[in-house]
Every structure is written in C-alpha cells, then in structure tokens.
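# Summary of structural features
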Amino acid sequence: MRSDMTRHMSDDLLDEIEQRAMAERILLNILRATLAFPEAMDRSGVATMISAAATERQRHGDYGAADLLRHWRAMVDGWD
C-alpha cells in the first residue's frame, strides 16, 4: 500500500513539474515576442497574451499551467 501512495505522490510531483515547465515555456515565448517586437507589445498586449494562453491551457486540462499563467497575468496587471 505504501508503494501505491509513494507512486501517487511521485505522479503528482511529476505533473506539477510538467505544468510549471509548460507555463514557463509559454511565458518565455511571450517574452521572446516582446523583445523581438517591443513597439508592438505593451503591458496590455502581454497581459492579453498570457490570459489567452491560460484559457487555452485550461481548455486542454492543464490546470496547473493555467493557474500559474493567471497568477503571472495578475502580476503584469499590477505593474506600473
């Protein structure tokens, strides 16, 4: 029984790592686009892209990635 619980915890940790890595790749791609086209990407545009990515991740069942992206979007919204 303990091995089942350990396996479940390992699966949960692996899923969390994969979700975070997915969200980080998305955020880095948005950063790359922003740096490539700074005149076209203001804070609002970045926030919109992050929000759209979060919605898409949610649609695909990637709830951890979607939550992280929403959190990061809130951070971007709070920047002055």
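In the block above lies the structure referred to throughout.
My aim in this report is to walk through the structure given alongside it, one point at a time. (Residues numbered from 1 in each chain as written. Predicted model: local features only at pLDDT ≥ 70, side-chain atom pairs only at ≥ 80, totals over all residues. Heavy atoms only, no water.)

Here we take up the side chain of T34. Tracing the chain through its elements places T34 in helix α1 (residues 2-36). Assessed through its relative accessible area of 18%, T34 is described here as buried. When sequence neighbours within four positions are dropped, the list of residues in contact with T34 reads M41 and V46. (Helix = DSSP H or I, 4+ residues; strand = E, 2+ residues; numbered from the N terminus. Buried < 20%, exposed > 50% of the residue type's maximum accessible area, 1.4 Å probe, protein only. Contact = heavy atoms within 4.5 Å.)

Further remarks concern a nonpolar patch on the surface. Residues L28, L31 and L35 make up a contiguous nonpolar surface patch of roughly 320 Å² in combined accessible area. Here L31 lies in helix α1. L31 gets classed as partly exposed once you look at its relative accessible area, which sits at 43%. (Patch = residues over 30% accessible without salt bridge, like charges linked within 9 Å, V, L, I, M, F, W, Y side chains within 5 Å. Areas by Shrake-Rupley, 256 points an atom, 1.4 Å probe, with all protein chains shown as cover. Salt bridge = Lys/Arg side-chain N within 4 Å of Asp/Glu carboxyl O.)

To continue, consider the pattern of salt bridges. Close approach of charged atoms allows side chains of opposite charge to pair. Per the counting criterion, the structure on display carries five salt bridges. A salt bridge links E56 to R59, with the nearest nitrogen and oxygen atoms 2.6 Å apart. In this pair, E56 and R59 both sit in helix α2 (residues 43-59), three residues apart, roughly one turn of the helix. Take E56: its relative accessible area is 30%, and that puts it in the partly exposed class. The partner of D67 in a salt bridge is R70, with the nearest N and O atoms 3.2 Å apart. In this pair, D67 and R70 are both assigned in helix α3 (residues 63-78), three residues apart and thus about one turn of the helix distant. Here D67 falls in the partly exposed class, since its relative accessible area comes to 47%. On the basis of relative accessibility, which here comes to 38%, the residue R70 falls in the partly exposed class.

Between α2 and α3, the shortest axis-to-axis distance is 8 Å and the interhelical angle comes to 165 degrees. Taken as axis vectors, α2 and α3 run roughly antiparallel relative to one another. Handedness of the α2/α3 crossing: left-handed. Here R43, V46, A47, I50, S51, A53, A54, R57 and Q58 of α2 lie close against α3, whose contacting residues are Y63, A65, A66, L69, R70, R73, V76 and D77. (Axes fitted to C-alpha atoms, helices over the stretch in contact; angles between N-to-C directions. Parallel < 35°, antiparallel > 145°, perpendicular 65-115°, else oblique. Left-handed = near helix turned anticlockwise from the far one by under 90°.)

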